Amino acid sequence: MKSSSGPSLWPLVLFIFSLLTGLSAREELPITNLTAEFNRISLSRQIELPPSKTNLNQTSLSRQVELPPLKTNLNQTSLIRRVKLTPPRLNFTEEFNKTPVSRPVKLTPPTIHTIQDLRNINVFGFQPPSHGFALLWWLCSSETYIDINGDTVLRSNPNAGHYGFHHFYNLFDNNLGDHLLPVVAGVHYYTVGNLNPNTHPGAINLPYDVRRYYNRNILNSNSERLIISNTWVYNGVFNVQSIYITNHYHPGYEIAPNLVAQIRNLNLGNFLNAMGYPSYSPASCHVIPPPGRRRKREASDWECIDMLKSETSVQVVARNGHATLLWENIPWNEYYSWVGLYNSETEGDKNYIADAWQWTYNAQSGSYETSTQIHPGMQARFFRREYARFVLKSPGIDEACWEEPVQFSNDENFLILLVFRTYYAGVKLYINKSLGSNWQYKDKYYYGWVGFYYRGAPNNSYRSWQWLYNFEKIGENSDYNVYTDGLNKDGITADLEVRVFCNNGYDCLIATTPSWSC
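All values reported here derive from a predicted model rather than from experimental measurement.

Participant: Can you walk me through the overall build of the protein chain in this structure?
Facilitator: The helix and strand tally for the protein chain stands at eleven helices and 29 strands. Here the protein chain holds 518 residues, and the buried ones make up 42% of them. Taking the contacts inside the protein chain whose residues are at least 6 apart along the sequence as the reference set, 63% of them involve residues at least 24 apart. Accessible surface, the protein chain as shown: approximately 30,200 Å² in total, 52% of it carbon and sulfur.

Structure, rendered in structure tokens:
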């Protein structure tokens, strides 16, 4: 038998048999969730999972955060991650106070000691609409006093909002890097000077000289502030430890006690002159825009500035019981400018008193005597055009021409004041309440009398006179009962004054009022 010489088929047979056997084995595998199996097998190679069920998101997060062996969700896990990264909360105020060396600035307000230094520093500025200097004068001269213990005391209650007083909390200022004023235990701060009656209704009771330049249309007419520090309150009385001046809570200055005393010794006009005002006039200006132009908040106040530079004034004065209008140094030479007389400050511009107005006829200074009897509160206004708002107005004339009562010689229980009512001059007598209501019959001034004189006249040349015991009580204040003569027959006029004598002669002169200047 002849043997085969070609290649053997046995290897090919074995290959086909093995291939058929492998396919059969795969067909017999059970059907499973291949995705779940893949995840289980692949993840188990990287991290040891707890035996409980989980999902893909939890597993992915578990690679970054150690999870507890209980179910959780993505939001909870995210919060855990954030909490671990957030530093602990700190009380920054407490920490700041613990570490004063970290403060970039340590503010200690410098102290002003003299009138000249106050002017040179110029915190408030020299010109209107600044009201800070008038506010400071009022606080030093009228709103505070020295008690029997030598302490400076406030006359009003700042917690009640009188005159617009309110708390100043002296918070930390990030811009300054410190508190504006010293932080001292037991010291409270109060501020005054915001003239906006909508936010501080009590400000409407501030004196006219403080309020008269407030105008929302004028920039910086409401930026000056005074701050007082208070350390004790006794029976509703507040002490004033320190006085600070500031321009809208920028770093300011402390007013030294000796400077407060200097300010008290000046009247308002002299104080404002010392601060750089060229001439004090109680009149105030009102800015109006040129014809055809709207008033803009940032517009220049050129009319007020021109009048200030020219020392312009307008006022109503008394001449033999009647009102006279005066205008001086008008900076414009205008034919149809005019002045008018008004019964009060609250009257509208059109409500001037008939037959009590006058064209200026190009006269930059002049006067006009009216036939109207003068009374307290009357006001003069100056107009540049016939149907326009006023540009300058006087305050309502005060019954005492803004003078203070005069004390009898060496006797603080008695004060005398020259006043007027409609047409007539009069006297107010202030008598300390400690003397009781029958002072006329037991006091050394039983034969005392008052006389009305023209300035410079000899004592025996009085215009009219009255015994002190004929005065009648008309009111009282906290310390004094107030009396008036009620029988004077003279009309109020310039240069009139009152003299008081202790007996029925002319030699024992014990008080003389300032001569009438309104």
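Participant: Help me understand the environment of G161, please; the structure alone is not making it clear to me.
Facilitator: Its place among the elements puts G161 in the loop between β3 (152-154) and β4 (166-168). Linking G161 and V192, residues 31 residues apart in sequence, is a C-alpha distance of 9.4 Å.

Participant: I keep staring at helix α7 (residues 132-143) and nothing clicks. Help me out?
Facilitator: An α-helical turn contains 3.6 residues, so a residue and the one three or four places further along point in the same direction. Extensive coverage of α7 is indicated by the burial of ten of its twelve residues. Among all positions of α7, only G132, F133, A134, L135, L136, W137, W138, L139, C140 and E143 are buried.

Participant: Looking at this structure, I do not really get the sheet that holds strand β28 (residues 496-501). What am I missing?
Facilitator: Here four strands make up an open sheet; going across it, the order is β25-β24-β28-β29 and the pairing antiparallel. Of all strands in the sheet, those bounded by a partner on one side alone are β25 (464-467) and β29 (509-512). Put simply, the sheet's adjacent strands are angled 25° from each other on average, direction ignored. Where strand β24 (residues 449-454) lies against β28, six bridges are found, and the strand directions are antiparallel. Across the sheet, F452 pairs through a bridge with V498, a residue of β28.

Participant: It is not clear to me how helix α9 (residues 257-264) should be interpreted in this structure. Could you clarify?
Facilitator: Buried within α9 we find L259, V260 and I263. In a view along the axis of α9, the buried residues occupy a sector of 105°, so they form one face of it.

Participant: Sorry if this is basic, but what is going on with the sheet that holds β3 here?
Facilitator: What the four strands build is an open sheet, ordered β2-β3-β10-β9; its pairing is antiparallel. Two strands in the sheet have a free side with no partner beyond their single neighbour: β2 (144-146) and β9 (233-234). In this sheet, strand β10 (residues 237-239) lies alongside β3 in antiparallel orientation, the contact comprising two bridges. In the strand pairing of β10, L154 is matched with F238.

Participant: I keep staring at the pattern of salt bridges and nothing clicks. Help me out?
Facilitator: Side chains that differ in sign of charge can pair as their charged atoms come close. Following the criterion strictly, the structure yields seven salt bridges and no others. E334 serves as the salt-bridge partner of R384, at 2.4 Å between the closest nitrogen and oxygen. Of this pair, R384 sits in the loop between β19 (379-383) and β20 (392-393) while E334 sits in the loop between β15 (322-328) and β16 (338-342), and the two are 50 residues apart along the sequence. Judged by relative accessible area, E334 falls into the partly exposed class, the value being 22%. With its nearest N and O atoms 3.4 Å apart, the salt bridge here joins E476 to K473. On the basis of relative accessibility, which here comes to 51%, the residue E476 falls in the exposed class. Via salt bridges that share partners, K433, K473 and E476 belong to a single interconnected network.

Participant: What is the right way to look at the nonpolar core in this model?
Facilitator: Taken as a class, soluble globular proteins show a tendency for nonpolar side chains to be buried jointly. I374, F408, I416, L429 and W516 are the most contacted members of the largest nonpolar core, which has 47 residues in total. When neighbours within four sequence positions are excluded, F408 is seen to be in contact with F414, L415, I416, L429, Y445, V500, I510 and A511. Grouped together as the second largest cluster of nonpolar side chains are 36 residues, I112, V192, V210 and V260 included.

Participant: What am I meant to see in the state of the cysteines here?
Facilitator: Covalent bonding between the sulfur atoms of two cysteines is what defines a disulfide. According to the stated counting rule, one finds two disulfides in the structure shown. C502 shares a disulfide with C508; S-S distance 1.7 Å. Classification of the bridge connecting C502 and C508 rests on its S-S torsion, roughly 120°, and on that basis the disulfide is right-handed. Taking the relative accessible area as the measure of exposure, C502 reaches 16% and is therefore buried.

Participant: Which parts of the structure should I look at to understand the side chain of Q466?
Facilitator: By secondary structure assignment, the location of Q466 is in strand β25. Among the polar contacts listed, one links the side chain of Q466 to the side chain of N470, at a separation of 2.9 Å.

Participant: Help me out: how do you make sense of the environment of D398 in this one?
Facilitator: Topologically, D398 is positioned in the loop between β20 and β21 (406-408). Judged by relative accessible area, which is 26%, D398 ranks as partly exposed. Sequence separation between D398 and R421 is 23 residues, and the spatial gap between their C-alpha atoms is 10.0 Å. Not counting residues within four places of it along the chain, the set of residues in contact with D398 comprises F420 and W516. Here the side chain of D398 touches A400 through a polar contact of 3.0 Å, landing on its backbone nitrogen.

Participant: Mind showing me how you'd approach a nonpolar patch on the surface here?
Facilitator: On the surface, a cluster of nonpolar side chains totalling about 340 Å² of accessible area is made up of Y335, Y336 and Y361. Mapped onto the elements of the fold, Y361 is located in the loop between β17 (357-359) and β18 (366-373).

Participant: Got a minute to help me understand the packing of aromatic side chains in this structure?
Facilitator: The geometry of an aromatic ring pair comes down to the distance between the two centres and the angle between the two planes. Tallying each qualifying case throughout the model produces 30 aromatic pairs. Ring centres 4.9 Å apart and planes at 85° place the aromatic pair Y446 and Y447 in the edge-to-face group. Judged by its relative accessible area of 27%, Y446 falls in the partly exposed class. Classification of Y447 as partly exposed rests on a relative accessible area of 48%.

Participant: Before we go on, may I ask you to explain the side chain of H179 in this structure?
Facilitator: Structurally, H179 is set in strand β6 (residues 178-179). Reaching out from H179, the side chain makes a polar contact with the backbone nitrogen of F172 at a distance of 3.4 Å.

Calculation criteria
- All residue numbers here refer to positions counted from 1 along the written sequence of the relevant chain.
- Local features in this predicted model are restricted to residues of pLDDT 70 or higher, and side-chain atom pairs are both shown and tallied only at a pLDDT of 80 or more, whereas totals for entire chains, interfaces and linings draw on every residue.
- Remark: hydrogens and water are excluded; side-chain values derive from all non-hydrogen atoms of the structure.
- Secondary structure elements follow DSSP: runs of H or I of four or more residues count as helices, runs of E of two or more count as strands, with numbering from the N terminus.
- Per-residue accessibility, obtained with a 1.4 Å probe over protein chains only, is compared with the maximum for each type, and a residue is labelled buried under 20%, exposed over 50%, and partly exposed between these values.
- Contacts are assigned to residue pairs with any non-hydrogen atoms lying within 4.5 Å of each other.
- Here the Shrake-Rupley method, with its probe set to 1.4 Å, supplies the accessible areas, and only the displayed protein chains count as covering residues.
- Any two strands are treated as partners once DSSP identifies two or more bridges connecting them.
- Helix axes are fitted only over the stretch in contact, all axes being lines through C-alpha atoms; the angle between N-to-C directions runs from 0 to 180 degrees.
- It is the directions from the helix axis to the C-beta atoms whose arc is reported.
- Should a side-chain nitrogen of Lys or Arg be within 4 Å of a carboxyl oxygen of Asp or Glu, the pair is scored as a salt bridge.
- Residue types Ala, Val, Leu, Ile, Met, Phe, Trp, Tyr and Cys, when buried and joined through side-chain atoms within 4.5 Å, form a set referred to as a nonpolar core.
- The term disulfide is used for any two cysteine sulfur atoms that are within 2.5 Å.
- In protein, a polar contact means a hydrogen-donor-capable atom and an acceptor-capable atom, both N or O and within 3.5 Å, with residues adjacent in sequence counting only if both atoms are side-chain atoms; elsewhere, any N or O pair within 3.5 Å suffices.
- To count toward a patch, a residue needs a relative accessible area over 30% and no salt bridge; like charges are then connected within 9 Å, while nonpolar side chains (Val, Leu, Ile, Met, Phe, Trp, Tyr) are connected within 5 Å.
- Here the aromatic set is Phe, Tyr and Trp, taking the six-membered ring for Trp, and pairing holds for ring centres within 6.5 Å; pairs whose planes are under 30 degrees apart are stacked, those over 60 apart are edge-to-face, and all others are tilted.

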